[in-house]
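# Reading the structure
The residues making up each chain are set out below.
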Amino acid sequence: MIHVEKMNFSYHQSKRFIENLTFEVTEGEIVGFLGPSGAGKSTLQKILCGILRRYHGRVEVLGTEAKEHRADFYEQIGVDFEFPNLYGKFTGLENLQYFSSLYKKKPLDPLPFMERLGLAEHANKKVSEYSKGMKMRLAFIRAILHQPELLFLDEPTSGLDPSYARILKDMILEQKQAGKTIILTTHNMHDADELCDRVAFMVDGELKALGPPEGLKSHHQGVEVHYRYSAAGSLKEGRKKLSGLHEDMVFMENLQRGSITSIHTKEKSLEDVFIELTGRKLV
């Protein structure tokens, strides 16, 4: 679906903003690009969508170089930007109907989606009266109504309360189940861990790591075992990586004596791995 090879991009001639990016995305995947603000995530999305064309290297999307896409390319993609451009003087429903009319394919009925995302009662309200969260939900609906093959979602849960974020994430997973390919750009590690088949860590326009969330967590950090045991009338604690637990003589001896009082694993989060690999936090 997407093939990027040695791609570079600059807003100014003096400095590259994206440096030597190489990756592939296969059909039916959700791939998340994660990083702090200014990492290059949204710029990458605009290049893949054909909005920014002054890049160097190879960027092939749906079999065609991104800078050479024609109008029919946009029939096959759906885009949900973090700051959606909607018509404030149109109602929510009018916005969806208007944008749907721009595509050749017959659109899906917007009302069931509006109902599901709590917008049905506001369908005839002008978008200028919508909150940021309402606009985000409306923009997501707009992106899927023409049933695109490839979805670009930029911070799709930004500004949403937990209940609507949960519904929207379920809808993203349903798009995947329907065979859609999804590019997700976010700084929300919890969303990425839950939704993505693979994640890419981006910092300062460079790709620092790419792989399945569980694989990155287990490879770079491993699972740590914390245990307590009774000794000399008091409780003591120990910890060891799961892979080396059999080498921990204190643990093994207390296990044989039956003096282990508690044991649990502590798994590193995706954010822990991101910080370890990049030396940067997400904010």
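Scope of this entry: the structure provided in the associated data block. Note that the coordinates shown come from a computational prediction; the quantities given were computed from them, not determined experimentally.

### Describing the sheet that holds strand β1 (residues 2–9)
Ordered by their spatial adjacency, 4 strands build an open sheet running β2-β1-β4-β5, and the pairing between neighbours is antiparallel. Two strands lie at the open edges of the sheet, namely β2 (18–25) and β5 (64–65), each paired on one side alone. Relative to β5, strand β4 (residues 55–61) runs antiparallel, the two sharing 2 bridges. Its bridge partner lying in β5, glutamate 60 is registered against glutamate 65.

### What about unusual backbone geometry?
Positive phi, normally seen in glycine, also occurs at glutamine 147, with a value near 55°. Topologically, glutamine 147 is positioned in the loop between α4 (132–144) and β7 (150–154). Take glutamine 147: its relative accessible area is 32%, and that puts it in the partly exposed class. The residue glutamate 155 is not glycine, and still its phi comes out positive at about 50°. You can see glutamate 155 is positioned in the loop between β7 and α5 (162–177). Taking relative accessible area as the criterion, glutamate 155 reaches 7% and is therefore assigned buried.

### Thoughts on the sheet that holds strand β3 (residues 30–34)
Taken in spatial order, the 6 strands make up an open sheet running β6-β7-β8-β3-β9-β10, and their pairing is mixed. Lying at the two open borders of the sheet, with one neighbouring strand each, are β6 (77–80) and β10 (206–211). Averaged over all adjacent pairs, the angle separating strand axes in this sheet is 15°, with direction ignored. Relative to β10, strand β9 (residues 198–203) runs antiparallel, the two sharing 5 bridges.

Cut-offs and rules
- Residues numbered from 1 in each chain as written.
- Predicted model: local features only at pLDDT ≥ 70, side-chain atom pairs only at ≥ 80, totals over all residues.
- Heavy atoms only, no water.
- Pairing = 2+ DSSP bridges.
- Helix = DSSP H or I, 4+ residues; strand = E, 2+ residues; numbered from the N terminus.
- Buried < 20%, exposed > 50% of the residue type's maximum accessible area, 1.4 Å probe, protein only.
- Axes fitted to C-alpha atoms, helices over the stretch in contact; angles between N-to-C directions.

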